[in-house]
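For reference, the chains in residue letters:
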Amino acid sequence: MTTMTLAKALNAGLRRALEADPRVLLLGEDIGTLGGVFRITEGLQAEHPGRVLDTPLAESGIVGTAVGLCLRGYRPVVEIQFDGFVFPAFDQLVSQVARLRSRSHGRLTVPLVVRIPYGGGIGAIEHHSESPEAYFAHTPGLKVVSPATPADAYWMIQQAIASDDPVIFFEPKRRYYERGDVDPDAVPAPLHAARVARPGTDATLLAYGPMVRTCLDAAEAAAAEGRDLEVIDLRSLAPLDEDVVVASVERTGRCIIVHEAPRTLGLGAELAARVQERCFYSLESPVLRVTGYDLPYPPAKAEHAYLPDVDRVLAAVDRSFAEEIR
Amino acid sequence: MNSPTDPGFVQLLTPDGRRVAHPDFAYPGDDASIAQHLRAMVLARRLDSEATALQRKGQLALWPPLLGQEAAQVGSVAAVGPRDEVIPSYRDHAVAIGMGVTPLELLRTFRGTDMVPWDSRALRCHLYSFVIGTQVLHATGLAMGMRLDGMVGNPDPDADGAAIVYFGDGATSQGDVNEAFVFAASYTAPLVFFCQNNQYAISVPSETQSRIPLYRRASGFGIPGVRVDGNDVLAVQAVTAWALDRARRGQGPTFIEAFTYRMGAHTTSDDPTKYRERAEEASWRERDPIGRVRAYLRSTGAIDDLWEGHLANEADALAEEVRAEVPALPDPDLADWFTRAYVRTPAGLLRQQAEFVAYEASVEEIA
């Protein structure tokens, strides 16, 4: 067991994947000599020259050539430098990567991983704080995951690389430097399984990526006031591990979904629909959402007001209980 | 600007069927192999006209005709070696057939009974692509992979391979295609960019895509560019063979502009009378890719009435086969498609499949 940051855990996971399979390649802007703008790939090019490639500055080119490398049997892991820069590659992802297996009647596979540092809270300028996960979770043919802890980061990146299906791997960049225990000898949970991050009895908080920590902090604060909240870390956004969510909400009778992305048609909309389909008679109050507002991401000095935080989560919890009284 | 008399223009067989010499390129085959090219072009044209007719009868959803581009396709695919990979666009029917795709496999795609049914890996002929230019990046990555796999510059040339990717004049405006030029040059990818400049992107003339001859764009990316008479099957094969050989030897990508003409419509949904003159079409009919080869082979005595009679019979048989088989193609069962999107199909999607199958069964019971 070692304690490391989420960033280091990703680095260690990538290193292990490179060592385990000679067909694994890393491609991206500045990932080689520099080690990536967040240093996630630091040192890997020196260890695996020829397999960690600094690419030209063209996101569609990175993803499109990675498709061709997949056709040769490689397992490319590409880095999109920031969330807001994935859109030049959007066509390649939704029209090509996601469809190639169907288009070829199942003959061709795209074992591609697209790593995307995402989310706000780091005081960045425009296009560096986006949460575009819903676009990809909405696209048949893609799988979408997001780790919240160093241990999950370490294992999930390796599992994503081992996946024969394309995986969009969202990294919670504001949590890169938070520390946690990583046991390289552990038996990891399946890639697409949700996790009970904190058991509780009174209400269920559903979160993923950067908001898991926020929800855990909210649960701590609520405990001090006598409310016992359960926090589910979804880990996988596509497919969703519905059974873990349903089991929790059936026990607690209340469900609050928390994400940074804008509210309308975000993951919360899908989760709320599924919860009401399967838990309707267990619900004590309406399913609520705590999310970013339906706005282009605001300037950095206003993001604290835009992003869900402990207080907004607790206010929603209060509302969930108040609804019962009304 | 886009005149065929540009100094880079490579031609080995004139429109009236005379062989001419070029300082850099020579056709490697004999009259028997030229006769095989004539056969391939005639059969491709017959399949094309039959497919257009089938669409008119409502048997195909759509057909993008290759009419006029037979030489560009037959000549280039003739240069493909046993370890090379082909990445076509969606009008490259003679290329696909040259790689072993069957006419019926092509037609299944355009009838809408399948997406792309052929085994692209076994045939070394990738899937058709319908989003303009996307496949050019795939080809670049594939070629990068071939280089990583040590398939270039070997002491034994039989161990070498390269990729050739097809696209049109319209595609050269796409970002993906320009990014592909950058990546291919940067990584010295063993790749031939084979651009069929058929003068129109649906209705928009190639002058709107580029103010300089397309082949000259390549030099800005550090890639050699050649313009070849795309209606001259001999020149196309000679230039493509040279470019593929360069790629296999590790000298990197080449851009070929095959200067040709889409004699038909963009697709069966198009109406070219709205955007081009009959005189222009007539001037290109004089440069027909098939007529000149026939004239040449007749002049040397390599083919005669008997030979042409056999070919006509073969074309008739192909047309008859296609006419009979296309209407009989079974519709796809949606139930099969639930397990094709993923290697590991998510449980929720399997539930949707079960839901669909149960619903269909319940509807059938009522009916």
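Bear in mind that the values here come from a model prediction, so they are computed numbers and not experimental data.

About the cut-offs
- Residues numbered from 1 in each chain as written.
- Chains lettered and ligands numbered in written order.
- Predicted model: local features only at pLDDT ≥ 70, side-chain atom pairs only at ≥ 80, totals over all residues.
- Heavy atoms only, no water.
- Helix = DSSP H or I, 4+ residues; strand = E, 2+ residues; numbered from the N terminus.
- Rg over C-alpha atoms; globule rule 2.2 N^0.38 Å.
- Buried < 20%, exposed > 50% of the residue type's maximum accessible area, 1.4 Å probe, protein only.
- Contact = heavy atoms within 4.5 Å.
- Pairing = 2+ DSSP bridges.
- Axes fitted to C-alpha atoms, helices over the stretch in contact; angles between N-to-C directions.
- Buried area = accessible area lost by both parts, 1.4 Å probe.
- Salt bridge = Lys/Arg side-chain N within 4 Å of Asp/Glu carboxyl O.
- Polar contact = N/O pair within 3.5 Å; in protein donor to acceptor, adjacent residues only side chain to side chain.
- Nonpolar A, V, L, I, M, F, W, Y, C, P; charged D, E, K, R; others polar.
- Domains from an automatic or database assignment.
- Expected span 1.5 Å × (residues − 1).
- Arc of directions from axis to C-beta.
- Core = buried A, V, L, I, M, F, W, Y, C linked by side-chain atoms within 4.5 Å.

Focus on the overall build of chain B
Broken down by element type, chain B carries 14 helices and eight strands. Scaling as 2.2 N^0.38, a compact globule of 367 residues should have a C-alpha radius of gyration of about 21 Å, and chain B matches this with 22 Å. Viewed in the frame of its principal axes, chain B has a C-alpha envelope of about 75 × 50 × 45 Å. Within the span of chain B, comprising 367 residues, buried residues form 54% of the whole. Of the contacts made within chain B by residues no fewer than 6 positions apart, 74% connect residues no fewer than 24 positions apart.

Points about the sheet that holds strand 12 (residues 236–238) of chain A
All names here are of chain A. Ordered in space as 3-2-4-5-7-6-12, the seven strands form an open sheet in which the pairing is mixed. Either end of the sheet is taken by a strand with one partner, and the two such strands are strand 3 (52–54) and strand 12. On average, each strand axis in the sheet is tilted by 20 degrees relative to the strand beside it, whichever way the strands run. Where strand 6 (residues 143–145) meets strand 12, two bridges bridge the pair, whose relative direction is antiparallel. Within the sheet, the bridge partner assigned to Val145 lies in strand 12 and is Ser236. Helix 7 (residues 150–162) contacts strand 2 (24–28), strand 4 (75–79), strand 5 (113–118), strand 6 and strand 7 (167–172) of the sheet and is inclined by roughly 165 degrees relative to strand 7.

Considering the interface of chain A and chain B
Taken together, the 44 residues of chain A in the interface contact 42 residues of chain B. When chain A packs against chain B, close to 3,500 Å² is buried across both sides, 56% of that on carbon and sulfur atoms. For chain A, the biggest contributors to the area lost against chain B are A:Arg72, A:Arg103 and A:His105; these three give 21% of the whole. Where chain A meets chain B, there are three salt bridges. One salt bridge connects B:Asp149 with A:Arg72, and the closest N-O pair in it is separated by 3.0 Å. Taken together, chain A and chain B are joined by 26 residue pairs in polar contact (both at pLDDT 80 or more). When residues of the side of chain A that touches chain B are traced back to their parent elements, those giving at least two are strand 2, strand 3, helix 3 (59–71), helix 4 (90–97) and helix 5 (100–103) of chain A. Of the residues in the side of chain A that touches chain B, the class split is 15 nonpolar, 17 polar and 12 charged.

So, the domain arrangement of chain B
A common way to state how big an interface is: give the accessible area lost once the parts meet. Domain assignment breaks chain B into domain 1 (9–328) and domain 2 (334–366). Each of domain 1 of chain B and domain 2 of chain B has a C-alpha centre, and the two are 39 Å apart.

As for the sheet that holds strand 14 (residues 288–292) of chain A
Residues and elements named next belong to chain A. Taken together, the five strands give an open sheet; going across it, the order is 9-11-10-13-14, and neighbouring strands pair in mixed fashion. Looking at which strands have only one partner, the edges of the open sheet turn out to be strand 9 (195–198) and strand 14. Across the sheet, the mean angle separating the axes of adjacent strands is 25 degrees when strand polarity is ignored. Two strands pair when backbone bridges link them, and strand 10 (residues 203–207) and strand 13 (residues 255–262) are joined in this way by three bridges, in the parallel orientation. Bridged to Thr204 within strand 13 is Cys255. In the packing of helix 9 (residues 242–252) onto the sheet, the strands contacted are strand 9, strand 10, strand 11 (229–233) and strand 13, and the crossing angle to strand 10 comes to about 155 degrees. Sheet strands in contact with helix 10 (residues 267–279) are strand 10, strand 13 and strand 14, and its direction is about 160 degrees off that of strand 13.

Some points on the side chain of B:Asp270
Residues and elements named next belong to chain B. Here Asp270 lies in the loop between strand 8 (254–259) and helix 11 (278–285). At 2.5 Å, the side chain of Asp270 forms a polar contact with the side chain of Tyr275. Among residues more than four places away in sequence, those in contact with Asp270 are Ile202, Arg262, Ala265 and Tyr275.

Some words on helix 12 (residues 289–300) of chain B
All names here are of chain B. Here helix 12 is 12 residues long and its end C-alpha atoms lie 18 Å apart, about the 16 Å a rise of 1.5 Å per residue gives. For helix 12, the set of buried residues is Pro289, Ile290, Arg292, Val293, Tyr296 and Leu297. Each buried residue of helix 12 sits inside an arc of 170 degrees when the element is viewed along its axis, so together they form one side. Buried residues along helix 12 sit against helix 1 (31–56), helix 2 (70–77), strand 7 (225–229) and helix 10 (233–248). Capping of helix 12 at its N-terminal end is provided by Asp288; its side-chain oxygen lies 2.6 Å from the backbone amide nitrogen of Ile290. Once helix 12 finishes, Gly301 follows within two positions and takes phi at roughly 80 degrees, a positive value.

Digging into the nonpolar core
Of all hydrophobic cores here, the largest spans 143 residues; its most connected members are A:Leu93, A:Leu112, A:Ile168, B:Phe167, B:Leu191, B:Phe193 and B:Phe255. Ignoring anything within four residues of it in the chain, the contact list for B:Phe193 reads B:Val136, B:Thr140, B:Val165, B:Phe167, B:Ala180, B:Phe181, B:Ala184, B:Ile223, B:Pro253, B:Thr254, B:Phe255 and B:Ile256. Of all hydrophobic cores here, the second largest spans 32 residues; its members include A:Met4, A:Ala9, A:Phe82 and A:Val167.

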